[in-house]
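One-letter residues, chain by chain:
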Amino acid sequence: MKFKSIYTLLIPVMLLSACKEDFIERPSLSGTTTGNYYNNAQEVRSATSTLYSGLPWRNYESRAQDAIGDVMSGNMFTYTDVEYLNFSISSASERIGGAWGAFYKIIGYANVMIKTFEEKKAAGGDASYLDPAIAECHFIRGTVYFYIARTWGAAPIITDPGATALSGNFNIPRYLQKDVLRFALEELQQAEAGLPESDEPGRVTKYSAKGMMAKLHLYSKDYANAKAKAEEVINSGKYALVEDYNGMFTKMSMNNNVESLFAIQHQLSQDPWGTGNLKNPDRGAGALRTAEADAWEMYVPSLDLLKEYEFGDLRRRWSVMEHGWTNPAWKPQRVNAPKYNAFMANGFKYDTLQPTEDGGSLNATRSNIVKYFAGPGKSFGSDAVLGQSSGNNVVLLRYADILLIYAEATLAGAGSSNDPKALDALNKVRSRAGLAPKTSFTEDDILHERRVEFAFEGDYWYDIQRQGFAKAKAMIEKQNRGTVTAPNYVTTFTEDRMFLPIPAGEIVQDPELGKDPVPYY
Amino acid sequence: MSCLAGAYAQDRTNKGATLAKNQVAQASVKGSNQAINPKAVVKGTVSDERGNTLPGATVSVKGTQVGTTTDADGKFSINMPAGSKVLVISFIGMKSHEVEVGNRTTLDITLQYNDQSLDEVVVIGYGTAKRSDVTSSITTIKAAELKDIPAAGVDQLLQGKAAGVTVTSNGGQPGGGVSVKVRGVTSINSNDPLFVIDGVPFVGGNTSSSSGYAGLGGGDGQTGNSVMAMLNPNDIESIDVLKDASAQAIYGSLAANGVILVTTKKGKQGDGKINYDTYTGVSEVTRKLNLMDLRDFARYQNEVLPIIGNPVADEFKNPDLLGKGTDWQDAMFQRGAINNHQLSFSGGRDKTTFYLSLNYFDNKGILLGSDFKRYSTRFSLDNQLKSWVKIGLSANVSRSIQNVSLADAAEGTIWWGASTSPLIPVKNLDGSWGGGQTVGGVQYNNANLVGNSQYRGNTKTSNNIFGSFYVDLQLLKGLSLRNELSYSLGQDNNVAFQKAGNVGGTSFRSKLIDSRSDSYYWSITNYLNYNKYVGKHGLQLTVGHQSQNSYYQAISGTKVDLQANIFDLNTGSSDQTTWGLSGGKGQWAMESYFARANYTYDERYSISASFRGDGSSNFGPNNRWGYFPGVSLGWTVSNEKFMKGSVSNVLNYAKLRLGYGVVGNQNFPSGAPNPAYVGAVQFFSGPVGFGSSNMINGIPNPNLRWESVKTANVGVDLGFLGGRIDATIDAYKKVTSNMIIFLTGPNLIGVGDQWDDLKAPLGNAGQMTNTGVDIGITTTNVKKGDLTWKTNVVFTQFTNRYDKAASAASALDGKVYYNNYLVTHTTPGRPVGSFWGLVTDGLFRTQEELGASLPQFGYKVNQNETWLGDIRFKDINGDGKIDAQDMTFIGSPLPKFTWGFTNTLNYKDFDFSIFLQGSQGAKAFNFLRWQLEGLNNAYTNQLRTVNDRYTAENTDGALPRFTNTNKNNIAMSDRYVEDASYLRIQNITLGYRLPKTLLNKVKISNLRVYGSIQNLKTFTKYSGYDPEIGSFNNSIKLMNVDMGHYPNPRTFTVGANLQF
């Protein structure tokens, strides 16, 4: 029985030969940690890069921007987001939730980055690359809070999501709109101070911050500061209007052109969620749908917008497809569709007489949107499209805006103006569109110009809104928001529709949002 | 339950009751011949198989009160009364047996250790225990109770068979997910119990995912599939479910959701056996929805198109001229089929036993494009190498191929099938696929699901190997050491593909998403078992150590424009912008110490205590180790003197049990970084922003610690009328606290738990309580001659309460339809997964009612907003307006109780069983009906019920008016919450055993043929396809949410069991 005693001796050895302590110390295999990363400029700038991407912006830019900025303002017609046409928006509405979620998600990204980078700096990190990155975050945070203040008026302000989440106290109130705007402005001021004069194309600079501040000042009717900031951008000489207006929205090669001050960065890639521009199918005419490009024309130009264009305004065909519109380079083809293929063989023609199954187009307003529609796909003569995704940036601030802000800020609420520098700014925008220069201008001239210049860019609602309730109501109620067969005029616009309701789901989780706003400062 | 019967059958043997004949045969007797002496003194020695003498063994004369016990050397001496011929010898932990004394006066008796046969022992984790010694709540199910049910996995088979275990199929998808919950809803994270198959734990849970359809463009359905589908149910011998913490604590941090111990079949000593089992069957959908046909649809068009300002098409002007159009339900459902073949060989000789089985299982689903095939084999070998060494190994190898139809999402196959307009043909006259038909200038459904099924697919192929190798050393008498190496290897290939072509209004670009992953797991477990019996004292000790290690890696590639539609990544376009490539890996390790002590005294009192310490790589240094104790007490009242006598004629067995324990949980919510306590930086597989980007993906919480589950259990085992009625009743209270959760709140916080969210910090928050009662009753109603009738009743009742959330404002939310609609929201005090929404209060039917209306979400009274025929909601908070704050609890998805009721009849060579199963009191959120009765969409098909909607002519209509502008009518509300109670005739089987006389001629030892019907009939008020909905991908946030859920089929099978 000797062997048994040997085993008896082995037992304690086997049991106590517990694995070394590091057996259960397992570092991350697929990532790294904030503790041991962000140690050079490239690592830090790769982080701020996500702030420009569709990853956080997606649910705003895809659809919410259209529904709020253009459907609600009467620029677009839709069968889907009908409540934005009729102002029967409820707090459960999808697009409101989309925009809200996206905006606060972007702020969440920026908040955590600011905190992480500040901690890196405190731990001895190099300020030469951490400071500009922090300034980029401030730009994003300021811009988004500005958007939030325009969209909802009073709204919550969050600066440290980690601490808020760990505290478990989600009873965050709405703050007064003026305080949200002030917070946004202060963010942009920090951005202006910390951002470089210039950077690689697409990255925000001092001038992006100045431009966004000009827009914010104009919104707040602080004309002097709006004018000053716009002027700083103009005087920098770094920006100009591009000749190819349409290309700004439809050609990847024109991403981050000389007119762009701030744009959501898109790339063409197989997985579009967070990478690609998703506007292509929502806007594309059904006749242009191919195996490469989805197109379901969820949003089409409104009849009222079509009426807005002056005779000879080149922006009409740069922005809208109507009967007779052509693009000879586009030759979409489909499997087993000989009539369609024959019709498209010599290039795309927008035709309301051709049967729709054979390539014709006959929708509610007899028109489709050109902006941000990249085309039927690479094999069919356009920029590449992958299903729902194209690679065009979504421009949020461009030089034409700065010029028109400058002109409007110069007017400063007066009846009309013939200030030569202001006229020069306005006429630069007009002349690109092939229109005769103005010799004097009014607020309405500016509004008209802004409407057609920025049509389908998600901005016109805020132009209407900042006119105040009485004028906004008048502007809205004279718009035809219907179809060629059934005109539709809104007659019930009330003041409570000037700002969007807080999403229902949010109030469920934060009942404070249902109460009156309080001061932040 | 039958185990319990076995357990005290043995008790009775100790008191001298009759033993089964086969047990007699198992003792070896060496005796010396002597002349018969009418009053002879018989002497002898009792020892075990290894020659160790057994002191304290009971020796009694059968049929008398005469008895004695062996002395310290295992010797006894007994006076045989005249006429007595048989001695009964018994000893705890050994098989009792009877000896015919004959003319012998000295006997050497060898008792065999209990062979773990099911009737007598319970598998308790790192060991076994006699049922009579068990003091905690453990339910045992034998293979015989699970036979004849055609199912892919053991998880599905447990439905209605084990008290305290709530099993719902998550859908009829072959090989699809099964939601198994042991005693209520334990955690807000995964509730998958730990399955341990012959000692191999499946730590990854019971759900594996396949890829969704999102990559092809479309709504993802359920991607969760049952891991247990890899194990052939025919290989299972028994299942033990550890239900309370005193039993589970030995598994520590893996046990919080319950532990299901599966014991597979082993070879037995004796003649080899060849078994062939087979069944074949067909299946069909049990119910169809009452949808509009083309005539109804045309009438509907004529009425609703003017409301949205569209002209009515000439084609619809006279509906009576039209045909019925396409029945899309006929088009999407098909006749399913099921086939199973199992061949097994087993036997044992010269201290070696083996078991080998081969299985082929093939199940074609009732929904287009869904099927599941499995090839599996299991092998086990055990050898008593030396008298003190036993070794064994097992290997289970399986390959399964599953085509996932991803049926049950909004928007999935069934969603589209039910809502596609009947005017769309499956195929056009020219042979092309229907879809995108334009009528009156309006283009109807672009998609054609039948066409799609020919062009798109999603196939998951899994190869799995798992098993173990062990060495058992008998070190000293009563002391053994077991060393066990368990392993599992997994390899998955998941292919989602789309061929180039045109379906209706959609043009498909060919595309291949080819994802592969592999994983391995191993554990090394060493433990000592020590058994000591002295007189009335019995002691069992277990102490051990375990190391576990797990690793996985995955890679996925995507290409488009495949040459000739060949599904090979090399055939795709060379344009790199069209490529997709991503991967990932992770690991996990755990080290554990465990110990258990059982002490029994005089078969009356027992106490068991166990303890486990787990250190896991999932937690940071601050809280890396978790400690899990458990203790339980048992009192076998029926062995007390005062229970003897006439009481025992009625109540022949009674045991009280009391247990308390703490177990842990380290299940993380999906999307948690690995490890979770650090702030992770995440990288993207494709370009983001300016190209290569990264993202901070987690706010560190170094204090993250174990989720804790404390259970108190009180139970009683009762036997009446000499085993005619056995009952086990357990009541428990289970408190889960420190749940591991993403500390998310409203979106405005800016961090969350979605894939593109910056991840909220993980924290320990919340508390949840489950209280419940499990009752299992087995009765032998008739046992007379050739007729036996047995009944088994299983009753499971629990109430769940989410006591505390992370904060007053945070809650558990379940959203559907691309995350757009919140349907569940659990606030403290409510059951988890509670439905949330507005409360309806009829319709506005008159101008007066409209005039008195409260503003609903800021709406005014006009035709575009609130108008006649709209839904009136209740002002829950009484603030004079209807808004989000009037949303409230509108129903619980949890049943009040579930039950199973099985009757088995045997008459001569016939057997018949009927198994009823049901669920009472659960509500379901019928989100499919939201689409089919929404009355907000003019172009998709609707249920016929919408004919009774409010119109100027039908002001008494049951449903609201049609409107596409008032969005409040389709707000989430109690309008879509339904009673999902049901009673189901789950299985009826009739079998016939062919006469032996006939079989012997062809060397067949046994042949049984049977026919069976599964899911014959369901009695329910639920209006959807199937009231058994389960949890979407096993998420407790989406229990009983029906988004066009894959219904469970009705299956008719015939089968045969053949033994040579």
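Residues numbered from 1 in each chain as written. Chains lettered and ligands numbered in written order. Predicted model: local features only at pLDDT ≥ 70, side-chain atom pairs only at ≥ 80, totals over all residues. Heavy atoms only, no water.

Turning next to the nonpolar core. Grouped together as the largest cluster of nonpolar side chains are 221 residues, with contacts concentrated most on A:Phe103, A:Phe139, A:Tyr145, A:Phe262 and B:Tyr251. No other element matches the 15 residues that helix H6 (residues 127-152) of chain A contributes to this core. For B:Tyr251, the contacting residues outside a window of four places in its chain are B:Gly125, B:Tyr126, B:Leu194, B:Val196, B:Leu242, B:Val259, B:Leu261, B:Arg612 and B:Asp614. Core analysis: the next-biggest nonpolar cluster, separate from the first, contains 67 residues, B:Val285, B:Leu289, B:Leu322 and B:Tyr976 among them. (Core = buried A, V, L, I, M, F, W, Y, C linked by side-chain atoms within 4.5 Å. Buried < 20%, exposed > 50% of the residue type's maximum accessible area, 1.4 Å probe, protein only. Helix = DSSP H or I, 4+ residues; strand = E, 2+ residues; numbered from the N terminus. Contact = heavy atoms within 4.5 Å.)

All names here are of chain A. Its 26 residues give H6 an end-to-end C-alpha distance of 36 Å, which sits within 8% of 38 Å, the value for a rise of 1.5 Å per residue. Of all 26 residues in H6, 22 are buried; the element is thus mostly enclosed. Glycine 153 sits one or two positions beyond H6 and adopts a positive phi of about 75°. (Expected span 1.5 Å × (residues − 1).)

Our next topic: the side chain of A:Ser260. Note on placement: A:Ser260 falls in strand E3 (residues 260-264). Leaving out residues up to four positions away in the same chain, A:Ser260 has contacts with A:Tyr239, A:Val395, A:Leu397 and A:Arg398.

So, on to the pattern of salt bridges. Applying the stated rule across the entire model yields 95 salt bridges over all chains. Its salt-bridge partner being A:Arg58, residue B:Asp756 comes within 3.0 Å of it at the nearest N-O pair. With one member in each of two chains, B:Asp756 in the loop between strand E40 (725-742) and strand E41 (762-784) and A:Arg58 in helix H3 (residues 54-71) form a pair that bridges those chains. Note on accessibility: B:Asp756 and A:Arg58 belong to one class, buried. Of the charged contacts, one joins A:Arg63 and A:Asp282 as a salt bridge, the two residues approaching to 2.9 Å between their closest N and O atoms. Taken together, the positions of A:Arg63 in helix H3 and A:Asp282 in helix H12 (residues 279-283) put the pair 219 residues apart, joining distant regions of the chain. (Salt bridge = Lys/Arg side-chain N within 4 Å of Asp/Glu carboxyl O.)

Residues and elements named next belong to chain B. Per the stated rule, a full pass over the model turns up 14 cavities of 30 Å³ or more. Approximately 420 Å³ is the volume attributed to the largest cavity. In this structure, the largest cavity is lined by 33 residues; those nearest its centre are Pro150, Ala151, Gln156, Asn363 and Pro1049. Listing elements by their share of the lining of the largest cavity, those giving two or more residues are helix H4 (154-157), strand E22 (352-364), strand E53 (982-993) and strand E54 (1006-1020). Take the lining of the largest cavity: its biggest share by element is three residues, from E22. Within this model, the second largest cavity holds a volume of roughly 290 Å³. Around the second largest cavity sit 30 residues that line it, and Thr166, Thr168, Pro895, Thr898 and Ser919 are the ones nearest its centre. When residues in the lining of the second largest cavity are grouped by element, the largest group, four residues, is from strand E12 (residues 165-169). Its residues assigned to classes, the lining of the second largest cavity shows 14 nonpolar, 14 polar and two charged. (1 Å grid on protein atoms, 1.4 Å probe; cavity = no way out; pocket = protein on both sides within 12 Å on 5 of 7 lines; lining within 4 Å. Points joined across faces, edges and corners; volume = space filled by probe spheres on them. Nonpolar A, V, L, I, M, F, W, Y, C, P; charged D, E, K, R; others polar.)

A few words now on the sheet that holds strand E15 (residues 200-202) of chain B. All names here are of chain B. Pairing is mixed in the open sheet, where five strands are placed in the order E11-E18-E19-E14-E15. One side of each edge strand has no neighbouring strand; the edge strands of this open sheet are strand E11 (138-142) and E15. Averaged over all neighbouring strand pairs, the angle between strand axes comes to 20°, with direction disregarded. Alignment of E11 against strand E18 (residues 236-242), held across five bridges, turns out to be antiparallel. Among the inter-strand pairings, threonine 140 is bridged to a residue of E18, identified as aspartate 240. (Pairing = 2+ DSSP bridges. Axes fitted to C-alpha atoms, helices over the stretch in contact; angles between N-to-C directions.)

Residue and element names in this part refer to chain B. Spatially, three strands are ordered E52-E51-E55 in an open sheet, and the strand pairing comes out mixed. Each edge of the open sheet is held by one strand with a lone partner, namely strand E52 (977-979) and strand E55 (1041-1042). For strand E51 (residues 923-926) and E55, the ladder comprises two bridges, and the chain directions are parallel. The residue of E55 that forms the bridge with phenylalanine 925 is valine 1041.

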